[in-house]
Amino acid sequence: MEHIAELVRARKSVRTFDGTLLRQDDRAKLEQYLSNIETPFDIPMEFRMLDAKEHGLSSPVVTGTELYVAGKIKRDPLAEAAFGFAFEKFVLYTLSLGAGTVWIAGTMDRPAFERAMELEDTEFMPAVTPLGYPAKKRAIRDAAMRRAIKADTRLPFESLFFEDSFGKPLTAERAGTYREALELVRLAPSAVNKQPWRVVKQGETFHFYKKSSLPAYPKGDVQKLDIGIALAHFMLALEEAGIAGTVTAADPGLAGEQDMEYIVSWTKA
Ligand SMILES: Cc1cc2nc3c(=O)[nH]c(=O)nc-3n(C[C@H](O)[C@H](O)[C@H](O)COP(=O)(O)O)c2cc1C
């Protein structure tokens, strides 16, 4: 993989593909990658590469490819975070091969994808992505959607990150060695670009919260996927900088978090 920072900065959701087939060597690498994606969570998950024609799959926002990847995971309070972490690693790896993806949790024929994934009662399917090479120009619907949800904007650093409590914004300057890792959190994709990640730094521990802004999903909490994505960007950036840490779910019970849901914490090893 190239440097995480370059990949995160280069990544954009791809909904318009160029109509060519995924090259055999790229496909083999991606299948290999999907067979074992490491996360800090011990929750079983499985990914499948699916042919749209064979399984009758479709998404109204996708054009120019007939190939998808879908994933399923065992139900668990941290399942969405774990899935978000793993699938985002796949998204970045795919980009490093020059191919494109878009996280899709909503705009798809969900029953068809779930049938293709042969879901068991103990499992759910949080999201899928089409797979292929990006077209040179976005389809009209794709471009219009990006404008409608302001897909190219992100909230400022100080409104996402805090020090010791939610009352004290963390500036980029004060974030020190963690500045770039947090900047890569800020650039993460999120459902409807709502950017629900909020992070409170306490010494060498970072508490990840979800500021809920979308209604509860019938199939899992889509904004918890966003937290897993953010944690992946954060940890991959730190790993590259040689900084290791551990992930725990232990609510610190910070005050002033009424509209925030605690998800996980990262602590420097
Ligand atoms: C968990 C998650 C679910 C998403 N679901 C959809 C979806 O159902 N349909 C869609 O077109 N885009 C979906 N997206 C893509 C977002 O709209 C996109 O990431 C965001 O607008 C930012 O744009 P960017 O990815 O190009 O930076 C989803 C993204 C995430 C992270």
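Up top you'll find the structure we're talking about.
Nothing here was measured: the structure is a model prediction, and the numbers come from that model.

J.: Is there a simple way to think about the overall build of the chain in this case?
T.: Scanning the chain from terminus to terminus reveals 8 helices and 10 strands. In terms of overall size, the chain behaves like a compact globule, its C-alpha atoms giving a radius of gyration of 18 Å where 269 residues would be expected to give roughly 18 Å. With respect to the three principal axes, the spread of C-alpha positions in the chain is 50 × 40 × 35 Å. The proportion of buried residues among the 269 residues of the chain is 53%. Sequence separation of 24 or more characterises 74% of the internal contacts of the chain that already satisfy a separation of 6 or more. Just so you have it, the chain exposes about 12300 Å², and 52% of that area is on carbon and sulfur atoms. Placing the 35 positive and 38 negative side-chain charges of the chain at their respective mean positions leaves the two points 6 Å apart.

J.: Which parts of the structure should I look at to understand the layout of surface pockets?
T.: Unoccupied space between atoms shows up once a probe the size of one water molecule is rolled over them. Taken as a whole, the largest pocket spans an internal volume of roughly 650 Å³. For the lining of the largest pocket, the secondary structure elements donating two or more residues are α1 (4-10), α6 (140-148) and α8 (222-240). Here the residues of the lining of the largest pocket sort into 19 nonpolar, 5 polar and 8 charged. In this structure, the lining of the largest pocket is formed jointly by two domains, domain 1 (4-137) and domain 2 (157-268), each of which donates at least three residues.

J.: Explanation requested: the site of the ligand in the structure shown.
T.: Taken together, 25 residues form the shell around the ligand, and within it R11, S13, R15, G106 and T107 come nearest. The side chain of R15 places a nitrogen or oxygen atom 2.8 Å from an oxygen atom of the ligand. Within the side chain of R146, an N or O atom sits 2.8 Å from an oxygen atom of the ligand. Look at the ligand: alone it shows 620 Å² of surface, and the protein chains cover 96% of it. Looking at the shell around the ligand, the elements that each hand over two or more residues are α6 and α8. If one sorts the elements of the shell around the ligand by residue count, α8 sits on top with 4 residues. Looking at the shell around the ligand residue by residue, the classes come out as 14 nonpolar, 5 polar and 6 charged. When residues of the shell around the ligand are assigned to domains, at least three fall in each of domain 1 (4-137) and domain 2 (157-268).

J.: Help me understand the side chain of N193 in this model?
T.: Note that N193 resides in the loop between α7 (179-186) and β7 (197-202). On the accessibility criterion, N193 (10% relative accessible area) is buried.

J.: Sorry, what's going on with the nonpolar core here?
T.: Nonpolar side chains tend toward joint burial in soluble globular proteins. Within the largest apolar cluster, 69 residues are counted, with the highest numbers of intra-cluster contacts made by F41, F90, L182, F208, L231, F234 and W266. Tallying contributions element by element places α8 first for this core, with 12 residues. Mapped onto the domain boundaries, this core takes at least three residues apiece from domain 1 (4-137) and domain 2 (157-268).

J.: What is the right way to read the side chain of S265 from this model?
T.: Mapped onto the elements, S265 comes out in strand β10 (residues 260-268). Note on S265: relative accessible area 2%, which makes it buried. A polar atom in the side chain of S265 sits 2.7 Å from the side chain of H207. Dropping the residues within four chain positions of it, S265 is found in contact with T205, F206, H207, T246, V247, T248 and A250.

Conventions we followed
- Residues numbered from 1 in each chain as written.
- Predicted model: local features only at pLDDT ≥ 70, side-chain atom pairs only at ≥ 80, totals over all residues.
- Heavy atoms only, no water.
- Helix = DSSP H or I, 4+ residues; strand = E, 2+ residues; numbered from the N terminus.
- Rg over C-alpha atoms; globule rule 2.2 N^0.38 Å.
- Buried < 20%, exposed > 50% of the residue type's maximum accessible area, 1.4 Å probe, protein only.
- Contact = heavy atoms within 4.5 Å.
- Areas by Shrake-Rupley, 256 points an atom, 1.4 Å probe, with all protein chains shown as cover.
- Lys, Arg positive; Asp, Glu negative; His and termini not counted.
- Charge placed at Lys NZ, Arg CZ, Asp CG, Glu CD.
- 1 Å grid on protein atoms, 1.4 Å probe; cavity = no way out; pocket = protein on both sides within 12 Å on 5 of 7 lines; lining within 4 Å.
- Points joined across faces, edges and corners; volume = space filled by probe spheres on them.
- Nonpolar A, V, L, I, M, F, W, Y, C, P; charged D, E, K, R; others polar.
- Domains from an automatic or database assignment.
- Near = heavy atom within 4 Å.
- Polar contact = N/O pair within 3.5 Å; in protein donor to acceptor, adjacent residues only side chain to side chain.
- Core = buried A, V, L, I, M, F, W, Y, C linked by side-chain atoms within 4.5 Å.

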